[in-house]
Amino acid sequence: MDPKEPVGAKQPHKKVLCIEDEHFIGELYQRALGNAGYDTILEVDGVKGLQLAQTDEFDIILLDLMVPNLTGIEILRALRDPTKTPHLKAKIIITTNLEQREDVKEDIEKQADGYIVKAEMTPKELVEFLTNIA
Amino acid sequence: MDYLSRTKRQYWIVLFVCFLIYNALIVGLWLLLHSLGSHFHVANDIALLICSVFGLLLMIVFSSIISKYLIEPLKAIWQLILHISPSGVAVPAPNIDSLKTGRELVANLAMQVYQLTAVAGQYGTKAADSELNNNFVANKLPLPLFILDSGETIIYANIAASDYIGTPVKDLTGKNFYMVMDMSFPSESTLDKWLKDVKANTATASMSWERVRLNVLDNHPTRLFDLAAFYNKDNPQNYETMLVLFDHTKQYSQDDQAVSFVALSVHELRTPLTLLRGYIEAFEEELGNEMNPDLKDFMQKMGATAQQLNAFVNNILNVARVDNDQLQLSLHEEKWDSIVESAITNIALRAKVRGIKLESHIEPGLPTVGVDRLSIYEVLNNLIDNAIKYSNDSKVIKIDAHLTHEGMIETTVQDFGVGISPNIMSNLFTKFYRDHRNRSQIGGTGLGLYLSKAIVSAHGGNIWVRSTLGQGSIFGFTLKPYTMLAEEIKNSDNKDIVRGAHGWIKNHSLYRR
C-alpha cells in the first residue's frame, strides 16, 4: 500500500485490450497499466470488443462480463471457438463484479486464463496480477 | 378399482330403479283390480292371473332394458379391440362419450389397450404414421413430446408440445426442429452437438439437460425446462430422436430472481467500491509526497474503510449462499502460512489506522491444508476484523497457527479488548447476533461469525471461542491437513486451478504466495 512501492518491471510493447463498459473503471485501469508500461486500448461495446480481440494484436484481454450488445461470456466462447477465432495469443482475464451462476463459472474456469473480482483489487494490484501471468 | 366400483354403483342404480318401477306397477295394478273388483265382481283369482301375466310382460321389457345397459360397456370394449386389431376387419372406434354406464371404466381400459398397442408397435408389429397422430397415449401425455427423423425434421409433435410453444401441430410437423425451437443451453453441451456426436458414434443413446431456455417471440413468455432425449438409429419407422420437455419455468425463474437480487445488489455496491478504491490509490500515488501527515492519514483511513465495506459486501453474498445451500467449496492443497500471511497483509491497513499491531506466530513445518482459499480467507478476515473492532484501547492482536495433538491445524486470533460475557457465548455464531452492550459503539452486522462457522464446518473443522470479560477474547478454528482430504480432492476436478484471495489464475503458482 506504500505509494512509493515500485510496480514491477516496466512492460514495454505489451498490449492490453480492456473491454469494460464502466468508463471510469476503464480509465483507472488504463492509467495504472500505462504507468507500468502497457499500451491499453479501451472498448465499451461487446461486438466491437470481440472484433478488436480477433485481430490478435493483444497480449492480454481484460474482459468484463456485463458489456452492451454481446455479453462477456459470449465473447469468451467466441474467442475460444476455433471456427470463429482461429488463433489467439492473448491471455484472457475475466474482470467482473457480478456473481456468476455455477454453469457460467464452469465455462469461465475452462476457458479463461484468470478471473478477478474488480472490487477486490485496486488498479495497481491488478497490474501486479497481470505481471505474474503475462 | 375406483372405475370398477363406480360402474358397479351405476348398475346397482339401474337395477334398483327397474325393480322399483316393476313393483310399483304390479302393486298399482293389484290395487286397481281390487277397487274395480268390488264394482264388477271380479274374482280374486282372476285378478291374480291378470297381475301374473302383466308381471311377466313387464319382466320381458325390463330385462331387455337392463341387458342393454349391462352389455353397453362390454360392447364398447369389444369394438375397441376389434378396431385396433391388425386382423383387417373395419370396425369403427367406439364412441366412449355416449356410454351411459361404465364410461370411466371403458375409457381407462381403452387407454391401457392403446398403450399396449403402442408398445407392441415399438416392436415393429404395427404402427403407421397416421396412427401415431391419432395416438391416444402420446396426445394425452401431459409432457411436450417431439419425434424427429434422421434429418432432424419433426415428424410428430403431441398436443402438449403444440400448446407449450404456442404453435399448431400442423405448423410443427415437417419443419426442422431447430427452426421451430430456438433453445439456449446453460453450457457448451447442447442438443445439436450431442446428436452430431451420437449419430457418428452410437446406435442408441440418451441424455438430459437442465435449465434449457426456449427463446420465444416477444409476445410469448420465456420457457425454462429440462430436456430429455432418446436416440435410436435403427428405428424402423425412422423415429430417430425422441425429445421430452419437463417444464420448470416457474421454479427456475424464481431461483433466478432470488439469486439475482443478492447478486445484483452486490454488483451495484461493488462497482462504486472499485472506483472508490481506484481513486484513493491514484490520489495516494500522485499526491502522497505532497500531502501533510493528517491528510495522508485520512487517505489511508478512507482506503481502509473502502476495504471494510468490500469485506461486508462479500459477507452478504456468502451468507446468501450459505442460506440457499449454495456455498460451494473447491478444496486444494495450500501452504497455510502463506494464506495466513496474505490475510494479515491485506488487513494490516485496517489495523494500522486504528493503531493496532498484528503479531503472528506460525509454527514452522506445518503440513499443507486442503482448503478453498477464497472462503477460508474470509474466515481469517472476519476473525481479525472482529478482533480489531473489539480491541478497545489495547493495541495488539495475536495470530497463532499450530498443530494440535489430533493432527489438526489450529489457528487462533486473540485480542485483549472488551471480552464477551459467558451468558451470551453460545449465541455468538448465530446469524445477526451481536453483543447488546457494544452495539452503540461498535459497527457490525452479526454476519461474520455465522459465516465463519459455516465455512469452517464445510472444511470439516471446528470453530470455538474463549473469553474473559474485560480481558479479551480468543477465537480459534481447526482445519484438516491435506493428506486427510487428499482422497476426496483426488476425485474432484479443477486440480490445477490456483485460487487466490481475489481471483484465480490457471496453472500458475506465483500469485500471492
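Bear in mind the structure is a predicted one, so any value in this text is a computation, not a measurement.

(A) The arrangement of the overall build of chain A in detail. Looking only at helices and strands, chain A has five helices and five strands in total. Each helix and strand of chain A, ordered N terminal to C terminal, gives the series β-α-β-α-β-α-β-α-β-α. Expressed as a percentage of the 134 residues in chain A, the buried residues total 54%.

(B) Here's a closer look at the overall build of chain B. A count of helical and extended segments in chain B gives 14 helices and 15 strands. When burial is assessed residue by residue, chain B has 44% of its 513 residues classed as buried. Sequence-distant contacts in chain B: of pairs separated by 6 or more residues, those separated by 24 or more amount to 63%. Of the roughly 27,900 Å² of accessible surface on chain B, 59% is carried by carbon and sulfur atoms.

(C) Inspection of the sheet that holds strand β8 (residues 357-362) of chain B at higher detail. Residue and element names in this part refer to chain B. A sheet is described by the order of its strands in space; here five strands give the open sequence β8-β10-β11-β13-β12, paired in mixed fashion. Whereas interior strands pair on both sides, the edge strands pair on one side only; in this sheet they are β8 and β12 (463-468). Averaged over all pairs of adjacent strands, the angle between their axes in this sheet comes to 15°, without regard to strand direction. Pairing analysis gives six bridges linking strand β11 (residues 409-415) to strand β13 (residues 472-479), with the strands arranged antiparallel. Looking across to β13, one finds that Glu410 is bridged to Thr478. Contacts between helix α12 (residues 373-389) and the sheet are confined to β8, β10 (396-403), β11 and β13, with β13 contributing the most and set at about 170° to the helix.

(D) Representation of the packing of helix α10 (residues 293-323) of chain B against helix α13 (residues 448-458) of chain B within the structure. Residue and element names in this part refer to chain B. Here α10 crosses α13 at 50°, and the two axes come no closer than 10 Å. Considering the angle they form, α10 stands oblique to α13. Pair α10 / α13 crosses with left-handed handedness. Facing α10, whose interface residues are Asn315, Asn318, Val319, Val322 and Asp323, α13 presents Gly448, Tyr450, Leu451 and Ala454. The residue inventory of the contact of α10 with α13, partitioned by class, reads five nonpolar, three polar and one charged.

(E) Geometry of the side chain of B:Asp226. All names here are of chain B. Among the secondary structure elements, Asp226 is positioned in strand β5 (residues 223-232). The charged side chain of Asp226 is buried without a salt bridge, its nearest counter-charge being Arg211 at 7.3 Å. Separated by 3.2 Å, the side chain of Asp226 and the backbone nitrogen of Arg211 make a polar contact. Reaching out from Asp226, the side chain makes a polar contact with the side chain of His248 at a distance of 3.3 Å. Those residues in contact with Asp226 that lie beyond four places of it in its chain are Trp209, Glu210, Arg211, Val244, Leu245, Phe246, His248 and Tyr252.

(F) Looking closely at the nonpolar core. Residues and elements named next belong to chain B. One finds Trp336, Ile376 and Phe477 to be the most contacted residues of the largest nonpolar core, which totals 45 residues. The greatest single-element share of this core, amounting to eight residues, is contributed by α12. Every residue in contact with Ile376, bar those within four places of it in the chain, is listed here: Trp336, Ile339, Val371, Ile455, His459, Phe477 and Leu479. In this structure, Phe146, Ile154, Val198 and Trp209 belong to the second largest nonpolar core, which totals 26 residues.

(G) Representation of the environment of B:Asn423 in the model. All names here are of chain B. For Asn423, the position within the fold is in the loop between β11 and α13. Taking relative accessible area as the criterion, Asn423 reaches 61% and is therefore assigned exposed. Side-chain polar atoms of Asn423 contact the side chain of Ser421, separated by 2.4 Å.

(H) Spatial organisation of a nonpolar patch on the surface. Residue and element names in this part refer to chain B. Together, Trp12, Ile13, Phe16, Val17, Leu20, Ile21 and Leu25 line one region of the surface with nonpolar side chains, adding up to about 660 Å² of accessible area. The topology assignment puts Val17 in helix α1 (residues 2-40). Residue classification places Val17 among the partly exposed positions, given a relative accessible area of 38%.

(I) Here's a closer look at the packing of helix α11 (residues 336-352) of chain B against α12(B). All names here are of chain B. For the pair α11 and α12, interaxial distance at closest approach is 10 Å and the crossing angle is 40°. In terms of their interaxial angle, α11 and α12 are classed as oblique. Considering how the two elements wind past one another, α11 and α12 form a crossing that is right-handed. In contact with Trp336, Ser338, Ile339, Val340, Ser342, Ala343, Ile344, Asn346, Ile347, Arg350 and Ala351 of α11, α12 contributes Arg373, Ile376, Tyr377, Leu380, Asn381, Ile384, Asp385 and Ile388. Of the residues belonging to the contact of α11 with α12, the class tally is twelve nonpolar, four polar and three charged.

(J) Inspection of the environment of B:Ile155 at higher detail. Residues and elements named next belong to chain B. In this fold, Ile155 is placed in strand β2 (residues 154-157). The partly exposed category is assigned to Ile155, whose relative accessible area is 28%. Between the C-alpha atoms of Ile155 and Leu172, which are 17 residues apart in sequence, the distance is 8.3 Å.

(K) Structural context of the pattern of salt bridges. By the definition in use, this model includes 17 salt bridges over all chains. Across the salt bridge formed by A:Arg31 and B:Glu285, the nearest N and O atoms sit 3.5 Å from each other. Taken together, the residues A:Arg31 in helix α1 (residues 23-35) and B:Glu285 in helix α9 (residues 249-287) connect one chain to another. Between A:Arg80 and A:Asp113 there is a salt bridge, with its nearest N and O atoms 3.0 Å apart.

The rules behind the values
- Residues numbered from 1 in each chain as written.
- Chains lettered and ligands numbered in written order.
- Predicted model: local features only at pLDDT ≥ 70, side-chain atom pairs only at ≥ 80, totals over all residues.
- Heavy atoms only, no water.
- Helix = DSSP H or I, 4+ residues; strand = E, 2+ residues; numbered from the N terminus.
- Buried < 20%, exposed > 50% of the residue type's maximum accessible area, 1.4 Å probe, protein only.
- Contact = heavy atoms within 4.5 Å.
- Areas by Shrake-Rupley, 256 points an atom, 1.4 Å probe, with all protein chains shown as cover.
- Pairing = 2+ DSSP bridges.
- Axes fitted to C-alpha atoms, helices over the stretch in contact; angles between N-to-C directions.
- Parallel < 35°, antiparallel > 145°, perpendicular 65-115°, else oblique.
- Left-handed = near helix turned anticlockwise from the far one by under 90°.
- Nonpolar A, V, L, I, M, F, W, Y, C, P; charged D, E, K, R; others polar.
- Lys, Arg positive; Asp, Glu negative; His and termini not counted.
- Salt bridge = Lys/Arg side-chain N within 4 Å of Asp/Glu carboxyl O.
- Polar contact = N/O pair within 3.5 Å; in protein donor to acceptor, adjacent residues only side chain to side chain.
- Core = buried A, V, L, I, M, F, W, Y, C linked by side-chain atoms within 4.5 Å.
- Patch = residues over 30% accessible without salt bridge, like charges linked within 9 Å, V, L, I, M, F, W, Y side chains within 5 Å.

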